[in-house]
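# A look at the structure
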Amino acid sequence: MDGLEAVRARYLDAIAAAADEDAIEAVRVAALGRKGEISLKMRELGAMDPEARKAAGPALNALKDEIDAALRARRAALADAALEARLAAEWLDVTLPGRPRPQGSIHPVSQVTEELVAIFADLGFAVAEGPQVESDWFNFDALNIPPEHPARQEHDTFFMARAAGDDRPPHVLRTHTSPVQIRAMLAQGAPLRVIAPGRVYRMDMDQTHTPMFHQVEGLAIDRDISMAHLKWVLEEACRAFFEVDRVDLRFRASHFPFTEPSAEVDIRCSWAGGQLRIGEGDGWLEILGSGMVHPKVLAAGGIDPEAWQGFAFGLGIDRIAMLKYGIPDLRAFFESDLRWLRHYGFAALDVPGLAGGLSR
Ligand code: DAH
């Protein structure tokens with residue numbers, strides 16, 4: 001049967017040249033489809049005489065099988081190539097080291113807050129809280145700072161906006177933790193022993209001031225409370241906090257509207273060799289404000305000043321964190337620099353406690 005060799009060559013070439021699945025399918029349809037060239041030739045066999053059919057039939061069948069096999073082989077080769085390409089593109093070296101997430105740690109402010117909470121819990125003080133957006137009554141009036149009082153100007157207060165036409169005095173971002181004294185008195189009455197650590201805000205920004213910083217407030221109310229109790233509590237707390245056997249505190253007469261009498265407290269220290277040592281030397285470092293709670297403040301908190309007295313104190317957490325851990329610049333506290341935190345931060349699992357040690 002002439003021409004069969006040419007047909008074979010044509011299809012095998014076409015199959016070899018087919019670059020994708022669609023091209024292979026087109027060749028298959030052209031050769032072996034219902035109306036394909038080979039299929040039509042097979043059909044012609046029926047019209048042949050038996051002799052001719054005997055000669056042509058096997059040759060045609062063999063060609064059909066050969067083309068079919070070539071189509072399958074080409075299809076498999078294309079699939080293999082596609083898989084190879086995909087494997088090459090998606091290659092992943094599972095032996096590379098993992099990319100670790102940045103490791104955080106406990107911020108010195110959190111650490112010192114926990115240390116103070118542990119120290120004062122040991123002395124019988126519970127933790128009290130108040131809002132950071134505070135009414136001017138709690139932040140000022142109830143603390144014996146009336147509207148015309150100069151202390152209001154000195155606090156560099158952030159005021160919240162009021163809706164147009166709303167004439168009520170604006171809320172403020174609390175300028176100190178002292179308003180929590182009033183909230184604790186109103187909520188719990190006397191006797192009372194609380195500390196209130198938290199964020200406070202003032203419009204101030206330089207090397208030693210940031211617009212947000214941290215204070216802890218202390219308040220103890222009972223019958224027959226005196227400055228002597230205040231002094232003992234502060235000495236015990238400072239000894240525990242600075243982890244030294246001996247501290248020396250100096251009470252300097254001062255003035256705060258919410259205490260009478262008032263005292264600023266300095267701690268003895270030395271700066272020998274550029275290193276701060278608490279409890280020794282001839283230097284004094286101011287660390288807190290304190291005093292006996294003013295009768296008007298007790299009254300604002302719903303407590304009878306004839307029957308109860310109390311002492312209060314307030315100190316800057318950031319500042320004593322800098323002192324204890326030798327941190328030079330306050331602003332770095334709030335820059336979220338992981339390298340800084342790695343240097344000054346604390347391990348998450350070392351929870352400060354008086355038994356196990358405050359800082360390790
Ligand atoms: N509230 C004061 C301040 O922010 C600190 C302070 C002083 C708090 C004396 C007190 C206190 O409770 O008795 O500067």
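Computed from a predicted model, the values in this text were never measured in an experiment. (Residues numbered from 1 in each chain as written. Predicted model: local features only at pLDDT ≥ 70, side-chain atom pairs only at ≥ 80, totals over all residues. Heavy atoms only, no water.)

### Here we look at the pairing of strand E6 (residues 249-256)
Strand direction decides the pairing type here: E6 and strand E7 (residues 259-270), joined by seven bridges, are antiparallel. What sits directly across from serine 254, in E7, is serine 262. From the end of E6 to the start of E7, which pair antiparallel, there are two residues. (Pairing = 2+ DSSP bridges. Helix = DSSP H or I, 4+ residues; strand = E, 2+ residues; numbered from the N terminus.)

### Topic: the site of the ligand
The ligand sits among 15 residues. The nearest are His176, Ser178, Arg202, Gln215 and Glu217. Within the backbone of alanine 312, a nitrogen or oxygen atom sits 3.3 Å from an oxygen atom of the ligand. For the ligand, whose accessible area on its own is 360 Å², the fraction buried by protein is 90%. For the shell around the ligand, the secondary structure elements donating two or more residues are strand E5 (212-222), strand E9 (283-293) and strand E10 (309-316). Residues belonging to the shell around the ligand are distributed by class as follows: four nonpolar, nine polar and two charged. (Near = heavy atom within 4 Å. Polar contact = N/O pair within 3.5 Å; in protein donor to acceptor, adjacent residues only side chain to side chain. Areas by Shrake-Rupley, 256 points an atom, 1.4 Å probe, with all protein chains shown as cover. Nonpolar A, V, L, I, M, F, W, Y, C, P; charged D, E, K, R; others polar.)

### Examining the pairing of E5
The side chains of a regular strand alternate, residue by residue, between the two faces of the sheet. With 10 of 11 residues buried, E5 is to be regarded as a mostly interior element. Direction of pairing for strand E4 (residues 192-201) relative to E5: antiparallel, over a ladder of 10 bridges. By the bridge assignment, arginine 193 is partnered in E5 with alanine 220. With eight bridges joining them, E5 and E10 adopt antiparallel strand pairing. Looking at E10, one finds that isoleucine 221 is bridged to glycine 310. (Buried < 20%, exposed > 50% of the residue type's maximum accessible area, 1.4 Å probe, protein only.)

### Some thoughts on the domain arrangement of the chain
Much of the literature gives interface size as the accessible area that the parts lose upon coming together. Segmentation of the chain into domains returns domain 1 (4-89) and domain 2 (108-344). Taking the mean C-alpha position of each, domain 1 and domain 2 sit 92 Å from one another. (Domains from an automatic or database assignment.)

### Topic: the environment of leucine 123
Mapped onto the elements of the fold, leucine 123 is located in the loop between helix H5 (108-122) and strand E1 (126-127). Put simply, leucine 123 and glutamate 236 are 113 residues apart on the chain and 8.8 Å apart in space, counted from C-alpha to C-alpha. Those residues in contact with leucine 123, other than ones at most four positions away along the chain, are Arg193, Trp232, Val233 and Glu236. (Contact = heavy atoms within 4.5 Å.)

### Here's the deal with the packing of helix H3 (residues 37-45) against helix H4 (residues 50-89)
Where H3 contacts H4, the axes come no closer than 10 Å and their chain directions differ by 160°. In terms of orientation, H3 and H4 fall into the roughly antiparallel class. Where H3 crosses over H4, the two elements pack in a sense that is left-handed. Along its contact with H3, which presents Ile38, Lys41, Met42 and Leu45, the element H4 presents Arg53, Ala56, Gly57, Leu60, Asn61, Leu63, Lys64 and Ile67. The residue inventory of the contact of H3 with H4, partitioned by class, reads seven nonpolar, two polar and three charged. (Axes fitted to C-alpha atoms, helices over the stretch in contact; angles between N-to-C directions. Parallel < 35°, antiparallel > 145°, perpendicular 65-115°, else oblique. Left-handed = near helix turned anticlockwise from the far one by under 90°.)

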